Amino acid sequence: SHYPDRWRIVKEIAYCQQGLGKTEEALETFRKLIEKYEAHFGQDDPVTLELRQETAIEMANQEKYEGALEIDEDVRKKRTAILGRSHPDTIYTLKEISFVLTRQKKYSKALDICNQALKDQAAYKHSHLTDNRPDRWRLENQIAFIQQGMGNTEQALEMFNDLSEKYKTHEDYGPEHS
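The structure displayed is predicted, hence computed values, not measured ones.

J.: Kindly report on the nonpolar core, identifying the contributing residues and their values.
T.: Residues Ala68, Val100, Leu101, Leu139 and Ile146 are the most contacted members of the largest nonpolar core, which totals 25 residues. Of the residues forming this core, the biggest block, 7 residues, is contributed by helix α6 (residues 107-122). In this structure, leucine 139 is in contact with Ile91, Lys95, Cys114, Ala117, Leu118 and Gln121, ignoring residues within four places of it in sequence. Of all hydrophobic cores here, the second largest spans 9 residues; its members include Val10, Phe30, Tyr37 and Val47.

J.: An account of helix α4 (residues 65-83) is requested, with residue identities and associated values reported.
T.: Look at α4: 25 Å from first C-alpha to last across 19 residues, which is about the 27 Å you get at 1.5 Å a residue. Regarding α4, the residues found buried are Tyr65, Ala68, Leu69, Ile71, Asp72, Val75, Lys78 and Arg79. Where α4 is buried, its residues contact α3 (46-61) and α5 (88-103). A positive phi of about 100 degrees marks glycine 84, the residue just after α4.

J.: A description of the packing of aromatic side chains should follow, citing residues and the corresponding values.
T.: Under the counting rule described, the total for this entry stands at 6 aromatic pairs. For the ring pair tryptophan 7 and tyrosine 37, a centre distance of 5.0 Å and an interplane angle of 55 degrees mean the geometry is tilted. Taken as a pair, tryptophan 7 in helix α1 (residues 5-19) and tyrosine 37 in helix α2 (residues 23-41) lie far apart in primary sequence, 30 residues in all. Residue class for tryptophan 7 comes out buried when judged on its relative accessible area of 14%. An angle of 35 degrees between the planes, with centres 5.6 Å apart, marks the rings of tyrosine 37 and phenylalanine 41 as tilted. You can see tyrosine 37 and its partner phenylalanine 41 sitting in helix α2, 4 residues apart, about one turn around the helix. Ring pairs connect the aromatic residues Trp7, Tyr37 and Phe41, which therefore count as one cluster.

J.: Talk me through the packing of α5 against α6; I want residue IDs and the actual numbers.
T.: In the contact formed by α5 and α6, the axes pass within 8 Å of each other and the chain directions differ by 165 degrees. What the angle tells us is that α5 and α6 run roughly antiparallel. When you trace α5 past α6, the crossing you get is left-handed. Of the residues in α6, those touching α5 at Ile91, Leu94, Ile97, Ser98, Leu101 and Thr102 are Tyr107, Lys109, Ala110, Ile113, Cys114, Ala117, Asp120 and Gln121. Looking at the contact of α5 with α6, its residues break down into 9 nonpolar, 3 polar and 2 charged.

J.: I'd like a description of the pattern of salt bridges, backed by residues and values.
T.: The tally for this structure, following the rule as stated, stands at 14 salt bridges. Note that glutamate 24 is salt-bridged to lysine 64, the shortest N-O span being 2.7 Å. Of this pair, glutamate 24 sits in helix α2 while lysine 64 is found in the loop between α3 and α4, placing the two residues 40 residues apart along the sequence. Glutamate 96 is the salt-bridge partner of lysine 95, the closest N and O atoms lying 3.0 Å from each other. Taken as a pair, lysine 95 and glutamate 96 share a single burial class, namely buried.

Rules and cut-offs
Residues numbered from 1 in each chain as written. Predicted model: local features only at pLDDT ≥ 70, side-chain atom pairs only at ≥ 80, totals over all residues. Heavy atoms only, no water. Core = buried A, V, L, I, M, F, W, Y, C linked by side-chain atoms within 4.5 Å. Buried < 20%, exposed > 50% of the residue type's maximum accessible area, 1.4 Å probe, protein only. Helix = DSSP H or I, 4+ residues; strand = E, 2+ residues; numbered from the N terminus. Contact = heavy atoms within 4.5 Å. Expected span 1.5 Å × (residues − 1). Phe/Tyr/Trp six-rings, centres within 6.5 Å; stacked < 30°, edge-to-face > 60°. Axes fitted to C-alpha atoms, helices over the stretch in contact; angles between N-to-C directions. Parallel < 35°, antiparallel > 145°, perpendicular 65-115°, else oblique. Left-handed = near helix turned anticlockwise from the far one by under 90°. Nonpolar A, V, L, I, M, F, W, Y, C, P; charged D, E, K, R; others polar. Salt bridge = Lys/Arg side-chain N within 4 Å of Asp/Glu carboxyl O.

Written out as structure tokens, the structure is:
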């Protein structure tokens, strides 16, 4: 469905507020925009869920982890119900949940979520498109961060080096990204 161009601009205003460090203003802008989307399109609308996810990311950046996790978990449940466990948007939400848990030093739980996300991603009907793609690599990158946080620095370094090589040889990135 079509959503008003003005709302799209307001979303960009929130991103600019984030970039300028006006984090509370950005959160308020996202909240107001979410209210409009929910009233007009419903709570399960893809853009509404995207905006809620962005709000959770901003809250995590402000170290409001419990609120971020609550939103992330709700978005995950809705995306799972609507899109399925293996859909890229659902996988992205799992990565964000893992990110918040990592910031809270809940490494074991974060690692479990990433490993499950990798399994779910492999089950995606177009998994041949994700096996050697940056979406998968972002999960692997998150796992490397978790390993580093757990004190497994050698393993993390090996993973980061491997990812660096993958990006260098990928057609969309190539050697200029080395």
